[in-house]
Amino acid sequence: MNNSYFDIYGNKVVIHFNDKVCFSTEDVLNSELFKRILTDCVAELNHKNSILLNIFLPSSPRDKNDIELLIKAFKFLSKNSADLLPALVPGSEVLLRDKHLLNDFIEYFYNYWRSLERFIVCDSAGRDLDQRPYRTFNDVVEPLSHLIRSTYRDIAENLTKQHPRIYRQVIAGAEVGVIVSNRIMNLPCGIYEKLQGIPIIRQVLLYPPLILNTPMNKRSGKFERIGQNPIELADLQKNEWLCYPAKVGPLVMLVYFHKKFFELGLSLCNLFEMADDEDLERKPDAVYIFGVPGAVLDHLAKMPTVFYDDEGNDILVGAVPGHDDFGYFGYLKKMILTLHNIKMMKMGYLPFHGALVRVVLKGNKDFTFLFMGDTGAGKSETLEAFRALGDEYIQDIVIIADDMGSLSISSDGKIIGCGTETGAFLRLDDLQPGYALGQIDRAIIMNANQVNARIILPVTTFNNLIKGHKIDFILYANNYEDIDEDHPIIDRLTTPEMAIKIFRDGTVMSKGTTTSNGIVHSYFANIFGPVQYRDVHEVLAEKYFHAFFKAGIFVGQIRTRLGLSGWERNGPKEAAKELLRIIQQPYNTF
């Protein structure tokens, strides 16, 4: 493949293109990448002592000579019938002793390639690829998939002399394609110059569903503030990193991720809006380097997931090591949101950990709900149940925030909410049956066969999350208490002091989404910023909770029972029913 090079890291293949590419079957079969993948495939089969290697002689060392023989045979079979192979490719007669076995090997090799996580990076340096992204993707990414499929089919058909009756148009090329730019970013001088030259992602092409298996399936601990800028310690080899410029609510963050975690970094496209060219003219609010190689961060904290508040440059800097223990999307997402929350608190906004939605009833009566609570408290699950139950009564449900956001107080005392993410990072086990399958054509699925399997889905637009919505209900998601006469499903609180205590305690029955289990407490159910800046947050919380009551907002708690055995599905469903009943009453009777 001309004007390209590749990088293999673990189960990932990254193909870099530096120019317009003209693909052909010869390009594929002559490429170093084809040879490398074939070599790795044979090595794996050799390790398994697979019968598929009986295509070679028993005495064969299965070395580079065997690989070269296979490549020559594949080149010939891509254009000609197998009957002519022995006469024109010396030594190939051994491969044809059992054509069915050779065909099984070809099928295994094709599936081996497709089992890898495959990415294409198109460099727009000196050109305008990012100004015509569809054409670039159409010229590079789409043809590669078609070419690999057709090469596989031609070889198989010329070997077996049979045409398939069923054709499956699987994604045989890259699963994700990106166009990158080497633009100079508006960063402070000094150590931040290390980041200049790392390619900035400008467009992403995704072929969902993208199925990923990451090194870790849970997050542990919180992010620690340190007194040293971690960029000073990081060795940032520019050809090993990419940058996803994320719009996180009103903020712009540059998220740099190492090639070891390419699959995680590129999954950000389903969660955060990508910054546009105008956004990149301004200085970013935060920088995050995810996957720092080596042990340079390990001494900075007990759990070296750290951030630095560069007050002199008015920029926050996060960093996480490249160890397998941190190979989980939660470390990427939650650090970004931690930096968001800190920045917003400094600006006088109150961050929240929760779901914010606007519900429009038939007849154009609408309410905006904020469900606050920790991970696994039942916020998203209750909303999905609410959506399913309310078809008869509900005109629209607009998601403003699925996980994090911030509150402000308008000049006339109204409480206004905004979100951070256009997507959602959801537990598969807690979704309504069939919901994930219905959304699979847009999904990124992680660790599907493990506990805490997750799906990343786009759920709203950037305009919906950023424009600001007046809030009518603020409910704490209580997943640990059962229902009785003294503990109704929805319980309205009567004073700011009572509400502050419940929200501050942040009690939740852990669902195993982190390494915690059982009843746990976290300050305002939000260890992502408020804990690290507790003094700042405490002042804001007092101010805002009093403003909630002054504005006449319904402040209470909703018992989802998601953490109680046997109530994982019906708990959120019953909570949704009660909420629907309440909002159907006249507003002044709440």
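Residues numbered from 1 in each chain as written. Predicted model: local features only at pLDDT ≥ 70, side-chain atom pairs only at ≥ 80, totals over all residues. Heavy atoms only, no water.

Draft legend 1. Structural view of the nonpolar core. In this structure, F503 and F548 are the most contacted members of the largest nonpolar core, which totals 80 residues. At 10 residues, the largest contribution of residues to this core is made by helix 8 (residues 329-346). Those residues in contact with F548 that lie beyond four places of it in its chain are L350, L407, I415, I474, I553 and V555. One finds L33, L38, L144 and L147 within the second-largest nonpolar core, a separate group that totals 56 residues. (Core = buried A, V, L, I, M, F, W, Y, C linked by side-chain atoms within 4.5 Å. Buried < 20%, exposed > 50% of the residue type's maximum accessible area, 1.4 Å probe, protein only. Helix = DSSP H or I, 4+ residues; strand = E, 2+ residues; numbered from the N terminus. Contact = heavy atoms within 4.5 Å.)

Draft legend 2. View of the pattern of salt bridges. A full pass over the atoms with the stated rule returns 33 salt bridges. A salt bridge links E281 to R183; its shortest N-O distance comes to 3.1 Å. Placement of the pair is E281 in the loop between strand 10 (273-274) and strand 11 (286-292) and R183 in the loop between strand 4 (176-181) and strand 5 (200-206), with a sequence separation of 98 residues. The class for E281 is exposed, based on a relative accessible area of 54%. The shortest N-O distance in the salt bridge between E538 and R504 comes to 2.3 Å. Residue E538 is found in helix 13 (residues 534-550), and its partner R504 is found in helix 12 (residues 496-505); the two are separated by 34 residues along the sequence. Through salt bridges with shared partners, one network takes in R183, R202, D277 and E281. (Salt bridge = Lys/Arg side-chain N within 4 Å of Asp/Glu carboxyl O.)

Draft legend 3. Molecular detail of the environment of K99. Here K99 shows up in helix 5 (residues 99-115). The spacing of K99 and Y393 is 294 residues in sequence and 63 Å in space, taken between C-alpha atoms. Residues within four places of K99 in sequence aside, it is in contact with A82, D83 and L159.

Draft legend 4. Highlighting the pairing of strand 13 (residues 315-321). Most of strand 13 is tucked away: seven of the seven residues are buried. Judged by which residues are buried, strand 13 turns out to be covered on both faces: I315, V317, A319 and P321 on one side and L316, G318 and V320 on the other are all buried. With six bridges connecting them, strand 11 and strand 13 associate as parallel partners. Following the sheet pairing, F290 is matched in strand 13 by V320. Note that strand 12 (residues 306-310) and strand 13 share five bridges and pair antiparallel. Considered in strand 13, the bridge of Y308 is made with V317. The antiparallel hairpin formed by strand 12 and strand 13 contains four residues in its connecting segment, where D314 sits at a positive phi of about 50°. (Pairing = 2+ DSSP bridges.)

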